[in-house]
Amino acid sequence: LSALRVGRFGALQHRDVRTIYPPLAQLLFAAGAAPGRGPVGPKLLLVAADLLSIALLARILSLRGRPTQRVLIYAWNPLAVIEIAWSGHLEPAGLLCLLGGALAIIQRRPWRASLGLALGGLVKIAPWLMILPLMRSFRPRHLAGGALLVAAAYWPFRAAGPRLFDGLRVYAGRWEANESLFRIVEAILKALHPTAPLKAAVAFLQAHLPRSAGLAVIDAWLYPPTLSRLACALLLLAVAGLLWRRR
């Protein structure tokens, strides 16, 4: 791939980290760069995706019997405009697929919904978090169809093996931004100093329970940063479970 490292590659930050972007996101980058317009090309595609997302959101509001004017809450959000048209963030492409899946669920078209969620996760992995609360909308064959689409998209990258997701692991371990709830939970846990009593509890279990030596592996999870990740993950799962029960 060295022949492709031209132009601004030398100014690219963190060149040692493998890309975290899924296959459809990379295809979008290639399509935007094809006309030779530089960073403007992908931004134009993302602005178009954002406009289509607004149209889909208005359609969903209409089908749900909600005032379509509510779409302006998103459409007139200056942060969305700046982050998409100026910074070129990928969220509108994933959002477009996610909203397409939501519209298909409302229209009782589970195949389209499954493909929409699969495509959304192939842009940004966040749409895949919606599979659990929407599980009742699908049968196993619909989920299998989405999984096959994901497998087909990753198939050209199969030679990378487990290294394909190295960038995602590095990103999850080294980068923090817009922490919001995570930072609050971490601050609370740091104030409570839970590591010592938790380690003492693990040591007590190891001393009094048979075949409990394997509990030693959880020592690395008994510090505020990792406990905060676990707590936030459980909170997301709880919200997803609540939405699933209400469907």
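Here's a quick rundown of the structure. (Residues numbered from 1 in each chain as written. Predicted model: local features only at pLDDT ≥ 70, side-chain atom pairs only at ≥ 80, totals over all residues. Heavy atoms only, no water.)

### Things to note about the overall build of the protein chain
For the protein chain, the helix and strand inventory stands at 11 helices and 0 strands. Taken along the three principal axes of its C-alpha coordinates, the protein chain extends 65 × 50 × 40 Å. The buried share among the 247 residues of the protein chain stands at 26%. Within the protein chain, counting contacts between residues at least 6 apart in sequence, those at least 24 apart form 66% of the total. Accessible surface computed for the protein chain: about 16,600 Å², of which carbon and sulfur atoms make up 68%. Here the protein chain contributes 29 positively and 9 negatively charged side chains, and the mean placements of these two sets differ by 14 Å. (Helix = DSSP H or I, 4+ residues; strand = E, 2+ residues; numbered from the N terminus. Buried < 20%, exposed > 50% of the residue type's maximum accessible area, 1.4 Å probe, protein only. Contact = heavy atoms within 4.5 Å. Areas by Shrake-Rupley, 256 points an atom, 1.4 Å probe, with all protein chains shown as cover. Lys, Arg positive; Asp, Glu negative; His and termini not counted. Charge placed at Lys NZ, Arg CZ, Asp CG, Glu CD.)

### Examining the environment of Leu96
Relative to the elements of secondary structure, Leu96 occurs in helix α5 (residues 91–106). Taking C-alpha positions, Leu96 is 9.6 Å from Ala55, a pair spaced 41 residues apart along the chain. Contacts of Leu96, omitting those with residues within four sequence positions, involve Ala49, Leu52, Ser53 and Leu56.

### Observations concerning a nonpolar patch on the surface
A cluster of nonpolar side chains, contributed by Leu132, Met135, Val217, Ile218, Trp221, Leu230, Leu234 and Leu237, occupies part of the molecular surface with about 720 Å² of accessible area. For Met135, the position within the fold is in the loop between α6 (110–121) and α7 (140–154). Its relative accessible area of 31% is what places Met135 among the partly exposed residues. (Patch = residues over 30% accessible without salt bridge, like charges linked within 9 Å, V, L, I, M, F, W, Y side chains within 5 Å. Salt bridge = Lys/Arg side-chain N within 4 Å of Asp/Glu carboxyl O.)

### Observations concerning the side chain of Ser53
Within the element layout of this structure, Ser53 appears in helix α2 (residues 40–63). There is a polar contact of 3.4 Å between the side chain of Ser53 and the backbone nitrogen of Leu96. Residue contacts for Ser53: discarding those within four places in its chain leaves Pro92, Leu95, Leu96 and Leu99. (Polar contact = N/O pair within 3.5 Å; in protein donor to acceptor, adjacent residues only side chain to side chain.)

### Re the environment of Ala49
Residue position: Ala49 is located in helix α2. Looking at Ala49, the relative accessible area reads 9%, which means it is buried. Measuring from C-alpha to C-alpha, the distance between Ala49 and Leu96 comes to 6.3 Å, with 47 residues separating the pair along the chain. Ignoring anything within four residues of it in the chain, the contact list for Ala49 reads Pro92, Ala93 and Leu96.

### Here we look at the nonpolar core
Ranked by size, the top nonpolar core spans 8 residues in total: Ala25, Leu28, Leu46, Ala80, Ile84, Leu90, Ala93 and Val123. Sorting the residues of this core by element identifies α1 (23–33) and α4 (78–86) as the ones contributing at least two each. Residues Ala104, Ile105, Ala113 and Phe138 belong to the second largest nonpolar core, which totals 6 residues. (Core = buried A, V, L, I, M, F, W, Y, C linked by side-chain atoms within 4.5 Å.)

### Considering helix α9 (residues 181–192)
When the terminal C-alpha atoms of α9 are compared, their 17 Å separation across 12 residues agrees well with the 16 Å that a helix rising 1.5 Å per residue should span. Within α9, the full set of buried residues consists of Phe182, Val185, Glu186 and Leu189. The buried side chains of α9 occupy one side of the element, clustering within an arc of 100° when seen end-on. Residues Ile184 and Ala191 are exposed on α9 and point more than 90 degrees away from its buried face. (Expected span 1.5 Å × (residues − 1). Arc of directions from axis to C-beta.)

### Comments concerning unusual backbone geometry
Of note, the phi angle at Arg108 is positive, near 60°, even though the residue is not glycine. As for its position among the elements, Arg108 is in the loop between α5 and α6. Although it is not a glycine, His193 sits at a positive phi angle of roughly 50°.

### Structural notes on the side chain of Thr226
Relative to the helices and strands, Thr226 is located in helix α11 (residues 224–246). With a relative accessible area of 18%, Thr226 lands in the buried category. Non-local contacts of Thr226, meaning those with residues more than four positions away in its chain, are made with Ala220 and Trp221.

### Some remarks on the packing of aromatic side chains
Here the structure, examined in full by the defined rule, presents 2 aromatic pairs. Taking 5.2 Å as the distance between ring centres and 90° as the angle between the ring planes, the aromatic pair formed by Tyr21 and Phe29 counts as edge-to-face. Just above the ring of Trp86 sits the side chain of Lys43; from NZ or CZ to the centre is 5.9 Å. (Phe/Tyr/Trp six-rings, centres within 6.5 Å; stacked < 30°, edge-to-face > 60°. Lys NZ or Arg CZ within 6 Å of the ring centre and 35° of its normal.)

### With respect to the pattern of salt bridges
Counted by the stated rule, this structure contains 4 salt bridges. Two residues, Arg18 and Asp166, come together in a salt bridge whose shortest N-O distance is 3.8 Å. Separated by 148 residues along the polypeptide, Arg18 in the segment before α1 and Asp166 in helix α8 (residues 166–174) bring together distant segments of the chain. Residue classification places Arg18 among the partly exposed positions, given a relative accessible area of 40%. Note on Asp166: relative accessible area 25%, which makes it partly exposed. Across the pair Asp166 and Arg169 runs a salt bridge, and its minimum N-O distance is 2.4 Å.

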